[in-house]
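Below are the chains, spelled out letter by letter.
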Amino acid sequence: MEDSAAVDVSRQLEDERRYVAGAYARLDELRELSDRELRKVRTTHFGGGHQARSERDAFATYYEDRLAQLNSVDERLVFGRLDTAGGERHYVGRLGLATEDHQRLVLDWRAREAGAFYQATAANPMDLVRRRHLIMDGREVTALEDDVFDPEALSGDDVVHGEGALIAALNSERTGRMTDIVATIQAEQDRIIRAPLSGVRVVQGGPGTGKTAVALHRAAYLLYEHRERLAKSGVLIVGPSSSFLWYIERVLPALGETGVVMSSLADLYPGVHGTVEEDPWVARWKSGLHMVDVVRRAVADRQKLPERTQWLSVDGHTVKLDRALVRRARERARATGKPHNEARETFVKVVVKELADALGAELNEKSGSTMDRSYLREDLRQSREVRIALNLLWLPLTPQQLVSQLFGKERYLRSAAPDLTDEQVARLLRPVDAPLTVADVALLDEAAELLGDFDTAGIKVRGDRAVEERKAQESAQKALETMAEGFEDIGAQGVVTVEQLTAFNAEAPHRVTAAEAASSDRTWAYGHVVVDEAQELSPMQWRVLMRRCPLKSFTVVGDIAQAGNAAAATTWQGALEPFVGERFTLEELTVNYRTPQPIADAAVRVARAAGLTVSHPTAVRDGDPPVLVPAASDDAVTEEVVASVGRELELLSGGLVGVVCPGRRIAAVGSALERAFPGLVAAGMRSLDRRIMVLTPWDAKGLEFDSVVVVEPAEIEADPSGGPGNLYVAMTRPTQRLYLVAAHSMPAGVEPAETDAATHGGAPAGADEAAGGVQHTAPGGVQHTAPGGDDGAAASGVVGAPRA
């Protein structure tokens, strides 16, 4: 009987392999076709006009995008099959595919018909008889697993049972990049992914609940479902750090989407990358909404009145520039409601007009004439003394200049923020040329709104483009005159015009995609914004993002308990109320797919002992408790880290080890690991082929590793820039094992109380310490006690604990 079942499974596996091979053959055909069409477009002469070149670029962009899409879905192209009660069979994959005669081969996972693959349950089968998971390795189907909703419709021999697609995916080793969960999306996740586009949707979830995966799959789904709208306006995805964006950047292309803009909080202002703000108080002060008024006053301070009357020289004449005249001009300029740089034009016009009128009246009175002296306005504009005086009174500024000078010159800071004490002013002041910080990025955006376009301020010569066009036309005219005789001889005189020759010689502008245009345009209005690790955002950063999406269409994901930013809110209501009131929907993810239950329990205990209010999602897997590694001295900490990492590399055939440590220890720990494991360490950098990554808690946000070594957890917990939230993040990164290495003390709560131990296994006092939920090693050694619950871990298919 067993042999018969094995033969039947083998037959079904071969059938699925043939079908999937046919889907891949069609994918290769489409790739070849797109590549051929792209080469054809690039080599075909479309004519010399702007319209022809634009059409060529449009075709090329279409085939380039299509080719990128087809190339990105090669891994696990097909991952599911749906058998309906009506006898239909649909294969589900990363991208929709059809034969040349339009027979459907693969259903796009985002299509509405594919929703049943994620949403069907025994209670609500959604007209399905069976859901089949195809386990893939590259292009090869390696295993099958069936979820049967109507046993009477299928014979027992026709059903394939396996380890479980979800558990298999969870137990796979990490690669250093985030992988999509398109084949294993769960019902609670799918409901959020397919929610309507409009409104602000907040997804709250503890570590490992799949928040990031849900956010990215939702972005891909919305781009598919609302393509016409979002293809033009784009989708912005914001993450906490550059390392996080590097970690997730391949997910969307693998889901069939390549036109999304990604930005870290440090890069929200085009052309600027903010550095870390070292002083937590400074970060908090710069992040509050009171900064709106501070920046407004800083701009107003650059619209000055002269302290005394000035006499300016213009071509041998003198003109009087007094306080009353400047005040009138300033009031007129401010009354326009335009930003600072644009309103300056009005200010200059009013001042120059009044000065010209006064000087003209004086000259006419002296000469006894009434001649028109309107030329005086241009003379005044060209006067060096007048230009200097006007610039001192109303100087055009870039946002970078305003923010740098605000914190670089004490008089500007005290004027813009009069409530600051002397001590606070001293903490905020820095050199004018100091690097801009992450907290400054939001201030740059606010300043840009109030300053406006620098190029309209009149500093640059007006009409440069028109001058260049006129010169080009003059050159073209001379060329035609030179060749006129030759044209006349062949009867072609008048065929080529000046305009045609100018257009032919002009360099065609590079045609950019909506994503490329949006990423370089601060004023771009996105159709949807996805914010990951959103608990880290300050009020001013929320203000920036709300400005980026006027329609307030947001997907916000995070865990309020994991906030490590000194300026972060403590509730979603507190974060969003200033911008959308109560007009947001709160969803919650309740299942931890990443962290083994014993490690999750320890992280929750530590967080709660530090005063954090954290949820406690149910983990789908059992596993090993944290391993406590005491070091004999502060100098020995690095040695213990190296020993712990070495043991993990032996246990992991190809997975990743994350070493999370305080910022001041990054260099020393990274160097020691590089000496011990040359070529395997990425410290302060990112590389796909490195198996050991050394990171600060902030850079570790949103990432996951097979095993994690946390260095001096109590030091991380005590750091005022992140505190307990950062330690909670660090402890919840592993999918298999967690080590805590410390020379001094472990954080409170890392070991369960006796009542907790009794609850978890009823271990009596004096029993093996591992039964209480943690493992210990002796300083300088790697002997590990047997972990409690090891049999349960083995039964669930989870890799066992390390052994001596």
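Residues numbered from 1 in each chain as written. Predicted model: local features only at pLDDT ≥ 70, side-chain atom pairs only at ≥ 80, totals over all residues. Heavy atoms only, no water.

- Per an unreviewed UniProt entry, the protein chain carries the name DNA helicase IV and comes from Kocuria varians.

### So, the overall build of the protein chain
- In terms of helices and strands, the protein chain carries 32 helices and 23 strands.
- Looking at the protein chain residue by residue over its 804 residues, the buried ones come to 50%.
- About 36,800 Å² of surface is accessible on the protein chain, with carbon and sulfur atoms providing 51% of the total. (Helix = DSSP H or I, 4+ residues; strand = E, 2+ residues; numbered from the N terminus. Buried < 20%, exposed > 50% of the residue type's maximum accessible area, 1.4 Å probe, protein only. Areas by Shrake-Rupley, 256 points an atom, 1.4 Å probe, with all protein chains shown as cover.)

### Remarks on the sheet that holds strand E4 (residues 104-108)
- What the six strands build is an open sheet, ordered E3-E4-E2-E1-E5-E6; its pairing is mixed. With partners counted over all chains shown, the strands left at the sheet margins are strand E3 (97-98) and strand E6 (140-148), one partner each. (Pairing = 2+ DSSP bridges.)

### Considering unusual backbone geometry
- Notably, Asp-127 is not glycine yet its phi reads approximately 65°, a positive angle.
- Along the chain, Asp-127 falls in the loop between helix H3 (115-119) and strand E5 (128-137).
- Of note in the backbone geometry, Asp-315 takes a positive phi value of approximately 50° without being a glycine.
- Within the secondary structure layout, Asp-315 lies in the loop between strand E10 (310-314) and strand E11 (317-321).

### Re the UniProt feature "binding site: ATP" (unreviewed entry) in the protein chain
- As recorded in UniProt, the feature "binding site: ATP" (unreviewed entry) lies at Gly-205, Gly-206, Pro-207, Gly-208, Thr-209, Gly-210, Lys-211 and Thr-212.
- Counting through the fold element by element, Thr-209 comes out in the loop between strand E7 (200-205) and helix H6 (211-225).
- Residue classification places Thr-209 among the buried residues on the basis of a relative accessible area of 0%.
- Apart from residues no more than four positions distant in its own chain, Thr-209 is found in contact with Gln-189, Leu-589, Val-591, Asn-592, Tyr-593 and Pro-617.
- Turning to its location among the elements, Gly-210 is positioned in the loop between E7 and H6.
- For Gly-210, the contacting residues outside a window of four places in its chain are Gln-189 and Leu-589. (UniProt positions renumbered as here; feature names shortened; annotations may be inferred. Contact = heavy atoms within 4.5 Å.)

### Observations concerning the environment of Val-351
- Here Val-351 lies in helix H13 (residues 340-367).
- Beyond its immediate sequence surroundings of up to four residues, Val-351 is in contact with Leu-321, Leu-325, Ala-329 and Leu-390.

### Quick word on the pattern of salt bridges
- Inspection of every chain in the model, using the stated rule, returns 47 salt bridges.
- Among the ionic pairs, Arg-81 bridges to Glu-16, the shortest N-O distance being 2.5 Å. Of the two residues, Arg-81 sits in strand E1 (residues 78-84) while Glu-16 sits in helix H1 (residues 2-43), which places them 65 residues apart along the sequence. By the burial criterion, Arg-81 is buried, and Glu-16 matches it.
- With a shortest N-O distance of 3.7 Å, Asp-83 and Arg-89 are connected by a salt bridge.
- Among the charged side chains, a network of salt bridges with common partners joins Glu-16, Arg-81, Asp-83, Arg-89, Arg-130, Arg-132 and Asp-146. (Salt bridge = Lys/Arg side-chain N within 4 Å of Asp/Glu carboxyl O.)

### What about the packing of helix H11 (residues 291-300) against helix H19 (residues 438-451)?
- For the pair H11 and H19, interaxial distance at closest approach is 10 Å and the crossing angle is 45°. Taken together, the axes of H11 and H19 lie oblique to each other. Crossing handedness for the pair H11 and H19: right-handed. Contact residues: H11 offers Met-291, Val-292, Val-295, Arg-296 and Val-299, while H19 offers Leu-443, Glu-446, Ala-447, Leu-450 and Leu-451.
- Considering only residue class, the contact of H11 with H19 consists of eight nonpolar, no polar and two charged. (Axes fitted to C-alpha atoms, helices over the stretch in contact; angles between N-to-C directions. Parallel < 35°, antiparallel > 145°, perpendicular 65-115°, else oblique. Left-handed = near helix turned anticlockwise from the far one by under 90°. Nonpolar A, V, L, I, M, F, W, Y, C, P; charged D, E, K, R; others polar.)

### As for the sheet that holds strand E9 (residues 261-264)
- Strand order in the open sheet made by the six strands is E9-E8-E12-E13-E7-E14, with parallel pairing throughout. Among the strands making up the open sheet, the edge pair consists of E9 and strand E14 (584-589). Here the strands of the sheet are splayed against their neighbours by 15° on average, with no regard to which way each runs.
- Two elements, E7 and E14, share six bridges in a ladder whose sense is parallel.

### Structural notes on the packing of aromatic side chains
- Considering all chains together, one arrives at four aromatic pairs under this definition.
- On the numbers, 3.8 Å between centres and 15° between planes, the contact of Tyr-19 with Tyr-91 is stacked. On the criterion of sequence distance, the pair formed by Tyr-19 in helix H1 and Tyr-91 in strand E2 (residues 89-93) is long-range, its members being 72 residues apart.
- For Tyr-19, a relative accessible area of 27% translates into the label partly exposed. (Phe/Tyr/Trp six-rings, centres within 6.5 Å; stacked < 30°, edge-to-face > 60°.)

### Considerations on the nonpolar core
- By size, the foremost hydrophobic cluster in this structure holds 59 residues, and its most contacted members are Trp-285, Phe-407, Trp-542, Phe-554 and Leu-576.
- The leading source of residues in this core is H19, at seven residues.
- Residues lining this core come from more than one domain, with at least three contributed by each of domain 2 (195-276 + 524-591) and domain 3 (280-456).
- Apart from the residues lying within four places of it in its own chain, the contact partners of Trp-542 are Val-531, Ala-534, Leu-537, Val-556, Ala-575, Leu-576 and Phe-579. (Core = buried A, V, L, I, M, F, W, Y, C linked by side-chain atoms within 4.5 Å. Domains from an automatic or database assignment.)

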